[in-house]
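What follows is each chain in one-letter form.
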Amino acid sequence: MDDPYHNNVNQQMTEGGDYTYTQDGGGQDGYPYQTDYPPQDEDAASDATEGADEDDQMYEGEYQGIPHPDEIKEARRAARVEARRKARMAAQQEEEEESLPEQYETIMEDCGHGRFQWMLFFVLGLALMADGVDGFVVGFVLPSAEKDMCISNADKGLLGLLVYVAMMVGALVWGGLCDKMGRRKCLIYVLTIDLVFSFLSCFAQGYGFFLFLRFCSGFGIGGSIPIVYTYFTEFLQMDKRGEHLSWLCMFWMFGGLYASFTAWGIIPHYGWGFAIGTQLQMHSWRLFILVCLFPALAALIGLVFMPESPRFLLETARHDEAWMILRQVHDTNWKAKGEPERVFTVTNIKTPQTQEDEFIEIQSETGTAFQRWTVRKMTMLQQVCNTLHYHGLGVWFPDMIKYMQYEEYESKVRIFHRERVERFHFNFSLVNQIHREGEYIHDKFANIEIKSVKFESSLFENCYFEDIKSTNTFFENCTIKNTVFYNTDLWQEKFKNCRMENATFLHPKKGCHLNFQEENDIVIYMVSFLGSLAVLPGNIISALFMDKIGRIRIIGGSMLASSACTFLLLLSFSQGAVICWQCLFYGISVAAWNGLEVISVELYPSSKRGTAFGILNGICKFAAIIASSIFAAFIGITKIIPIFLAFAALVCGGMVALKLPETREKILS
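None of these values were measured; they are calculated from a predicted model.

Participant: Please set out the pairing of strand β11 (residues 444–456) residue by residue, giving values where relevant.
Facilitator: As defined by bridge partners, strand β8 (residues 425–426) adjoins β11 across 2 bridges and the pair is classed as parallel. Its bridge partner being in β11, Phe-426 is matched across the sheet by Phe-445. Pairing geometry for β11 and strand β13 (residues 464–471), over 7 bridges, is parallel. Paired with Phe-445 across the bridge in β13 is Phe-465.

Participant: Give a description of the sheet that holds strand β15 (residues 479–481) that names residues and reports values.
Facilitator: Ordered by their spatial adjacency, 5 strands build an open sheet running β7-β10-β12-β15-β18, and the pairing between neighbours is parallel. Each edge of the open sheet is held by one strand with a lone partner, namely β7 (420–422) and β18 (499–501). On average, each strand axis in the sheet is inclined to that of its neighbour by 5°, with strand direction left out of account.

Participant: Break down the environment of Val-413 for me, citing the residues and quoting the values.
Facilitator: Looking at the element boundaries, Val-413 is found in the loop between α13 (369–411) and β6 (414–417). Along the sequence, Val-413 and Ile-434 sit 21 residues apart, while their C-alpha atoms lie 7.3 Å from each other. When neighbours within four sequence positions are excluded, Val-413 is seen to be in contact with Asn-432, Gln-433 and Ile-434.

Participant: So what's going on with the packing of aromatic side chains? Residues and values would help.
Facilitator: Counted by the stated rule, this structure contains 36 aromatic pairs. Between the aromatic rings of Phe-495 and Phe-505, the centroid separation amounts to 6.1 Å while the plane-to-plane angle is 75°, which identifies the pairing as edge-to-face. Here Phe-495 is found in strand β17 (residues 495–496), whereas its partner Phe-505 is found in strand β19 (residues 504–506), with 10 residues between them in sequence. The exposure class of Phe-495 is buried, given its relative accessible area of 12%. A cation over a ring is seen here: Lys-494 above Phe-474, with NZ or CZ 5.8 Å from the ring centre. The aromatic ring of Phe-474 is capped on one face by Lys-496, whose charged end is 4.2 Å from the ring centroid.

Participant: Can you break down the nonpolar core residue by residue, with the values?
Facilitator: In this structure, Leu-124, Leu-191, Tyr-229, Leu-248, Phe-288 and Leu-303 are the most contacted members of the largest nonpolar core, which totals 85 residues. Leu-124 has contacts with Leu-187, Val-228, Tyr-231, Phe-232, Leu-248 and Leu-303, leaving out every residue within four places of it along the chain.

Definitions and limits used
Residues numbered from 1 in each chain as written. Predicted model: local features only at pLDDT ≥ 70, side-chain atom pairs only at ≥ 80, totals over all residues. Heavy atoms only, no water. Pairing = 2+ DSSP bridges. Helix = DSSP H or I, 4+ residues; strand = E, 2+ residues; numbered from the N terminus. Axes fitted to C-alpha atoms, helices over the stretch in contact; angles between N-to-C directions. Contact = heavy atoms within 4.5 Å. Phe/Tyr/Trp six-rings, centres within 6.5 Å; stacked < 30°, edge-to-face > 60°. Buried < 20%, exposed > 50% of the residue type's maximum accessible area, 1.4 Å probe, protein only. Lys NZ or Arg CZ within 6 Å of the ring centre and 35° of its normal. Core = buried A, V, L, I, M, F, W, Y, C linked by side-chain atoms within 4.5 Å.

Right under this line is the structure:
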């Protein structure tokens, strides 16, 4: 090998016979060497210096602090070797980091899709079903709970609001924790918190304590959705993700069906309750909450036998545990398929270096930071638009039905003006009546129910009330003389601006009581049941076509088709029409929800998947709170504004969805 240093050296003779060696190029100074003999041939030089010690040779530059040319050459060679070593290490590290997703996908394909995934599917499905049940519990028990615990209208609205706030906070907190602590562990915590506090809420007699327990329960179950989808995704190969995540979405529908059916069968039967002593009253609505715990309990028991996500273990450098779980998945599937002899051949799994990745990995190599930020915001906006219309109309449909029932009920009210009744025995129920300026002398009201009755500016003299059950019944500006109330629930809050003269109350039933079955309870349960059942066709279609036509087309097409359905709501002039359009709307729009769940877990890297999903789900809960408030405010005022808001949100979300990146063939990063 030629020496690059000596190739550029010139010899010059100085006075006295000395030879000076100088180096050309680069403006470098020469290095003088002094000797007592002229230049010789190579063989002659060897003979002349034979037996001489190299250490005895004098280097003139030594005294001037100039390094020897050989030292410079060695330093340069070492620098080049070190640079090549670092380049090889960087290339190897980059290759390992880039190959982990591909290797993991290959391993999952080798493990196959079989018994293990189906077992996990049903366990996580029950957890998702528990979340669906919790979404209906408060709405179903509220009509009974408000009577049982004397909840005012303001406090009634506070209960629904706080439960949604708790679920929003739970999604944010547990979504982030599952990226730090593990999917399985956090899901166990979530279900345990929900079970414990929901169980305790069954026995809460005071409204404040009941509110606190339901808030804690909501905080727990609110984290289930981000964890469930993240957990299940990491056990699926690429060509199975869209379909099976869509099938998993069906369990939320099963939760709605389960809650509606059990509420329909339990809550109206007030006789099913029981008392423990004199203080603890277990009415049927409390038994309903108890029955609603079964899906969460079953999911918790099943989860004990499920392993942690191997992808999470790899992200936390626990590759030995990940290898064992992947082998378990492989062996379980192939034994069930009749091929137990198949061996898990993976011997080494690459693990990435711990680093702060970008949330959005789409276009991570060629895209700019602004492009990744844009994709992230578009995904968030699309979810918010979908939530605004879905939850907004979800509140509007049942409230509109209640309002129609109220209008129909009000239209049938009977008004009695200046009637005079003497020595009459009222032994039949009084329902939906208004009595103005009436006179009741020596009358007896016994063993009857008084529902939605108002007495205005009336006189009751020498009357007798016994064993009366009343609901929404009031006495306003009335005069009560020499009248006895025995074992009735007519107490102070029932009399407004009334003048009492020698009135006697014996054994009054103070407080609020569950006296009778509401006539519209059955209709509301039926509406919720049909609304949940209506999403079944949409779930099936989205599952079958999610991997065939892609997530983006499913989301965009579903939302744009749903926007067209909103105009049919203008034709809703009866309860039957509202129920019909509700079922049609739910059946079409559910496909967009399924697509959103799938694309949300595919857009984000494994180390941040739970956190990102939790943030998106928390924002959706916040949008649901806003939508519920806005849409409920227009009940009984106008249908135009709710319909226009729903249409705008659907069109906006559908157009944004078409701009999102397709993730159908994307390997999980």
